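Summary of structural features
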Amino acid sequence: MTAANSLNKIIYADNAATTPIDEDALNLMIELQRKFFANPSSAYKLSRPLKKVLLESREKIAACINAEPNEIIFTSGGTESNNWAIKSSVLEILSERPNIITSAIEHKAILNSCAAMKNLGCTVTKLSVDKIGAVNPDDLRKKILTKTKIISVMLANNEVGTIQPIKSLAEISHAAGKIFHTDAVQAVGHIPIDVKFFGVDMLSASAHKFNGPKGIGFLYIRDGLKILPYLDGGGQEFNLRAGTENIPAIAAMALALEKNCRDMQKTAEKLSACTKNLIDSLRQNKINFIINGGEDRLPGHLSLSFKDCVGETLMHRLDLKNICVATGSACDAGQTKISHVLKAMKIPEDYVRGTIRITFGKGNSEDDAKIIGNNLSKILQKK
């Protein structure tokens, strides 16, 4: 997508939903699909280059989050990784009615996984959040039960961008002898992540959130943590996830993540300038709005609520101007109800229905932000 706002050009500002694939990653994926079609598990020489690509990709991804290569397990994406982390932790002990702790603002991949386990006999505790969408570590400390098996709190929220105190939450969990998982799908490739510093046991990621292809992701599993296999069959992925690896997608994911991490600081500065330009434009036009999520948010991530408006209407009006934004989470697209995240944050009633999410990516420019701000201001001034 391009920055110009003309009849045949679109400004894409919904990067929290998905990102455009990196050109180098796309070319690598196409080359591997064309030239290297063998099964990486086969013993003949045609497979050897693919085994090498698989090994190098695992090493690249591990280096980006300060993990060991054997701690990276390839999956189909964030939803699978989250399901695996939650369900594998409690399935073997269902008869004991284990407890799962999560937060009230998690992605549906976590919340619905918890709900599925609750239907099988688990109990589920949801931690509340404050007005900026942050979990209080002391609340977690109070809520841990003897039967708590796993605690899962997302690293950064997909709707408002709030970054959670993951290191403190993991320390509290481990002090009580519990497993700690974080859904880092929205954060990987956008903010520095060090699994050893954070102290997490498991971490979920999805390539299409950091300019990689769709349908591929990974689950970090700390060495020594015993976890049930996700798929039974062959011995792929250290006997934890059977099935022939999607080498082209894995290699593209590794390259996209490596590039994003290399350019992270420069990109963050650019995205900060974009968000400032948009906010300045709205303020100059005297628009009444609030910014959700506080100051400690993902770079380029804006959740804005406008008084006495309907977010879906704003989204469609901007779409007519060739500007792509979202109303809250893309996974709730088509639904007009207020998102569970905004409810949990207690956004004022006269603002909450007028919420849109604008998320800039590395392909956006400061001019894009100005164009969005000016068009949004014109729409709001006419309402």
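Residues numbered from 1 in each chain as written. Predicted model: local features only at pLDDT ≥ 70, side-chain atom pairs only at ≥ 80, totals over all residues. Heavy atoms only, no water.

Of the regular secondary structure elements, the protein chain holds 14 helices and 12 strands. Against the compact-globule benchmark of 21 Å for 383 residues, the protein chain has a radius of gyration of 21 Å, which places it among compact chains. Expressed as lengths along the three principal axes of its C-alpha atoms, the size of the protein chain is roughly 65 × 55 × 35 Å. Here the protein chain holds 383 residues, and 55% of them are scored as buried. Looking at the protein chain alone, contacts between residues at least 24 apart form 72% of all its contacts between residues at least 6 apart. When the accessible surface of the protein chain is totalled, it reaches about 17,100 Å², and 52% of it is carbon and sulfur. Positive and negative side-chain charges in the protein chain, numbering 49 and 40 respectively, have mean positions lying 3 Å apart. (Helix = DSSP H or I, 4+ residues; strand = E, 2+ residues; numbered from the N terminus. Rg over C-alpha atoms; globule rule 2.2 N^0.38 Å. Buried < 20%, exposed > 50% of the residue type's maximum accessible area, 1.4 Å probe, protein only. Contact = heavy atoms within 4.5 Å. Areas by Shrake-Rupley, 256 points an atom, 1.4 Å probe, with all protein chains shown as cover. Lys, Arg positive; Asp, Glu negative; His and termini not counted. Charge placed at Lys NZ, Arg CZ, Asp CG, Glu CD.)

One finds Ile72, Val188, Ile193, Leu203 and Phe218 to be the most contacted residues of the largest nonpolar core, which totals 65 residues. The element best represented in this core is helix H9 (residues 247-262), accounting for nine residues. Setting aside its immediate chain neighbours within four residues, Val188 contacts Ile193, Leu203, Ser204, Ala205, Phe210, Phe218 and Leu257. The next biggest cluster of nonpolar side chains, apart from the first, holds 25 residues, and it includes Ala13, Cys309, Leu314 and Ile323. (Core = buried A, V, L, I, M, F, W, Y, C linked by side-chain atoms within 4.5 Å.)

Before going further, it helps to spend a moment on the pairing of strand E4 (residues 123-127). Pairing between strand E3 (residues 99-103) and E4: five bridges, direction parallel. Bridged to Ser103 within E4 is Leu127. On the question of chirality, the crossover connecting E3 to the parallel E4 by way of helix H4 (residues 108-119) is right-handed. (Pairing = 2+ DSSP bridges. Right-handed = clockwise from strand over helix to strand, strands pointing away.)

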